[in-house]
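Here are the chains, one letter per residue:
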Amino acid sequence: MDDALKREIMAALLADKPKAITDRSHEIGATSGINFIFKSGAQQMLPYGHVITARLLYHDNGTEMDILFSSHVVTVLGSGLEPIYEAFLNQTLKTVIELKKQHIAALPKGSPFVTEIMINERDKHTRKSPYNANK
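The sections below set out a description of the structure shown in this document. This structure is a prediction, so every number in the text was calculated from the model and none was measured.

What counts, and where the lines are drawn
- Residues numbered from 1 in each chain as written.
- Predicted model: local features only at pLDDT ≥ 70, side-chain atom pairs only at ≥ 80, totals over all residues.
- Heavy atoms only, no water.
- Phe/Tyr/Trp six-rings, centres within 6.5 Å; stacked < 30°, edge-to-face > 60°.
- Helix = DSSP H or I, 4+ residues; strand = E, 2+ residues; numbered from the N terminus.
- Buried < 20%, exposed > 50% of the residue type's maximum accessible area, 1.4 Å probe, protein only.
- Pairing = 2+ DSSP bridges.
- Core = buried A, V, L, I, M, F, W, Y, C linked by side-chain atoms within 4.5 Å.

### Details of the packing of aromatic side chains
The geometry of two aromatic rings is summed up by the distance between their centres and the angle between their planes.
Line of reasoning, step 1. Tallying each qualifying case throughout the model produces two aromatic pairs.
Line of reasoning, step 2. Ring centres of Tyr48 and Phe88 lie 5.9 Å apart, and the angle between their planes is 35 degrees; on these two criteria the pair is classed as tilted. Of this pair, Tyr48 sits in the loop between strand E3 (43-47) and strand E4 (51-59) while Phe88 sits in helix H2 (residues 82-89), and the two are 40 residues apart along the sequence. Exposure class is identical for Tyr48 and Phe88. Each is buried.
Line of reasoning, step 3. Linked through ring pairs, Tyr48, Tyr85 and Phe88 together constitute an aromatic cluster.

If you want it as structure tokens, here you go:
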């Protein structure tokens, strides 16, 4: 992700007014890992080389993508996560962005979006993310 786009995304994440930060809640391209960006502005990158397994689940209120790394468990919640999961399977998923409600409303209709990212160390796995300061 180039620096200008990163600054624009971070400014929009921290702003209270609705603004589309990007036309999607993920970025695809050549990469060695996935950078997760939280609503709070915090970020964490985890390398593809540490992936053990992953799964895509369907719920009544959306989709869930779980990724088990050697040291962490990642849960991504949202809607229409299939293209994000496909990019993950191809190891081209570079960035996953947790969006605020006002940013989701600004996305084009039918776009996949991420509502919550939870990353926990494997031995301390819970369903609550320590990174979501805005909750």
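Let us keep going from here.
### Comments concerning the pairing of strand E6 (residues 72-79)
Line of reasoning, step 1. With seven of eight residues buried, E6 is to be regarded as a mostly interior element.
Line of reasoning, step 2. Direction of pairing for strand E5 (residues 62-69) relative to E6: antiparallel, over a ladder of six bridges. Of the residues in E6, the one forming a bridge with Ile67 is Val74.
Line of reasoning, step 3. What sits between the antiparallel neighbours E5 and E6 is a turn of two residues.
Line of reasoning, step 4. Pairing between E6 and strand E8 (residues 113-121): eight bridges, direction antiparallel.

### Some points on the nonpolar core
Line of reasoning, step 1. Of all hydrophobic cores here, the largest spans 21 residues; its most connected members are Phe36, Met65, Val74 and Leu93.
Line of reasoning, step 2. For this core, the secondary-structure elements that each account for two or more residues are strand E2 (33-37), E5, E6, H2, strand E7 (93-97) and E8.
Line of reasoning, step 3. By residue number, the principal contributor to this core is H2, which donates four residues.
Line of reasoning, step 4. Counting five residues, the second-largest nonpolar core is a separate cluster that includes Ile37, Ile97, Leu99 and Leu107.

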